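Structure assessment
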Amino acid sequence: MSSDASTAKAAPAIPERRYSGIQIALHWVIALVIIGMIPVGLVMTRLDPSTLTNLLYEMHKSFGLIVFGLAVVRIGARFALGVPPLAPNMPHWQIRAARISHAALYVLIILVPLTGWAATSACCAPVNLFWAIPLTLPIGGGFETAGPIFLLHNISTMTLIALVLLHSLAALYHHYGLKDGTLRKMMPGAKR
Ligand code: HEM
Ligand code: HEM
């Protein structure tokens, strides 16, 4: 082997500074659907029974199931593709806060729809995707079983709302305050 070949080093790969296209698409689709679903959930439970209420429930359950499916794909993509580094010069506590809150958001986008799905299956089957595809989970026990799971659905939803608010404020602070490119990592078509 020539000394040239043995000493020549490949140029270091430039680290990917943005999330992949699939991660960006999943992030914003899931965020939009969840942000739409929260008011629907709050309104439907406060309306008198009617055709509109039934429609809202069916939409809420179907879009919730879609969030669950997309969240599973998203977590798979996260393990398969990794993530770009956090902004440089972040203090240690912010790095920890970002890691913990991101992990908590992943847990919640699984837990919130899963608890809704499990509770509805227990008390109020069938659960269908847009009236068409039967997806009831094999959970019995009626309202006795469903009650505590619905409580968990409500508590986890409120936790998700609070965390999303914090998360969005942090993203806006990074963008407008620190101007460190954090939001651009998650924007479609943004330059590195
Ligand atoms: C990301 C997904 C979801 C979000 C953000 C969400 C959010 C909510 C919210 C805000 C409420 C109202 C809570 C209240 O009135 O205090 C609610 C209630 C409800 N959700 Fe979900 N939900 C999701 C997924 C699901 C799924 C997948 C199902 C079922 C397949 C479901 C079934 C229900 C039902 C039946 C209620 C009414 C519970 C009751 O009457 O106490 N949800 N949800
Ligand atoms: C329901 C709404 C949302 C959920 C569930 C959510 C969830 C997440 C999660 C889990 C991550 C971590 C990605 C990873 O490291 O694998 C993330 C990153 C990010 N999100 Fe959100 N998000 C939501 C809404 C928003 C909104 C409204 C904004 C902007 C105002 C935003 C901006 C960002 C940014 C900039 C990052 C990248 C942070 C970084 O890597 O430094 N998100 N989001």
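Residues numbered from 1 in each chain as written. Chains lettered and ligands numbered in written order. Predicted model: local features only at pLDDT ≥ 70, side-chain atom pairs only at ≥ 80, totals over all residues. Heavy atoms only, no water.

1. Describing the coordination of the iron atom of ligand 2
Within the protein, His-27 (NE2) and His-167 (NE2) serve as the donor atoms for the iron atom of ligand 2, at 2.0 Å. In this structure, the iron atom of ligand 2 is coordinated by six donor atoms arranged in octahedral fashion, with angles at the metal of 87 to 180°. With His-27 in helix α2 (residues 21-44) and His-167 in helix α5 (residues 142-178), this pair connects stretches of sequence that are 140 residues apart. Residue class for His-167 comes out partly exposed when judged on its relative accessible area of 27%. (Donors = N, O, S within 2.8 Å, 3.2 Å for Na, K, Ca; no water. Tetrahedral: all angles 85-135°; square planar, octahedral: opposite > 155°, others 65-115°. Helix = DSSP H or I, 4+ residues; strand = E, 2+ residues; numbered from the N terminus. Buried < 20%, exposed > 50% of the residue type's maximum accessible area, 1.4 Å probe, protein only.)

2. So, the site of ligand 2
Near ligand 2 there are 21 residues, and of these Tyr-19, His-27, Arg-78, Tyr-106 and His-167 occur at the shortest range. Take Arg-78: an N or O atom from its side chain is 3.0 Å from an oxygen atom of ligand 2. Contact distances for ligand 2 include 3.0 Å between an oxygen atom and a side-chain N or O atom of Lys-185. Counting only elements with at least two residues in the shell around ligand 2, the list comes to α2, α3 (51-81), α4 (92-124) and α5. The residue makeup of the shell around ligand 2, split by class, is 13 nonpolar, five polar and three charged. (Near = heavy atom within 4 Å. Polar contact = N/O pair within 3.5 Å; in protein donor to acceptor, adjacent residues only side chain to side chain. Nonpolar A, V, L, I, M, F, W, Y, C, P; charged D, E, K, R; others polar.)

3. Examining the packing of aromatic side chains
Applying the stated criterion to the full structure yields two aromatic pairs. With 5.4 Å between their ring centres and 70° between their planes, Phe-68 and Trp-117 make a pair best called edge-to-face. Highlighted residues: Phe-68 in helix α3 and Trp-117 in helix α4, separated in sequence by 49 residues. With a relative accessible area of 15%, Trp-117 lands in the buried category. (Phe/Tyr/Trp six-rings, centres within 6.5 Å; stacked < 30°, edge-to-face > 60°.)

4. Observations concerning the UniProt feature "domain: Cytochrome b561 bacterial/Ni-hydrogenase" (unreviewed entry) in the protein chain
UniProt records the feature "domain: Cytochrome b561 bacterial/Ni-hydrogenase" (unreviewed entry) at residues 18-189, using the numbering of this structure. Helix makes up 73% of residues 18-189 and strand makes up 2%, while its end C-alpha atoms are separated by 10 Å. (UniProt positions renumbered as here; feature names shortened; annotations may be inferred.)

5. Points about the environment of Glu-144
Checked against the element boundaries, Glu-144 lands in helix α5. Among the residues examined, Glu-144 registers a relative accessible area of 74% and is labelled exposed. For the pair Glu-144 and Ala-122, spaced 22 residues apart in sequence, the C-alpha separation works out to 8.7 Å.

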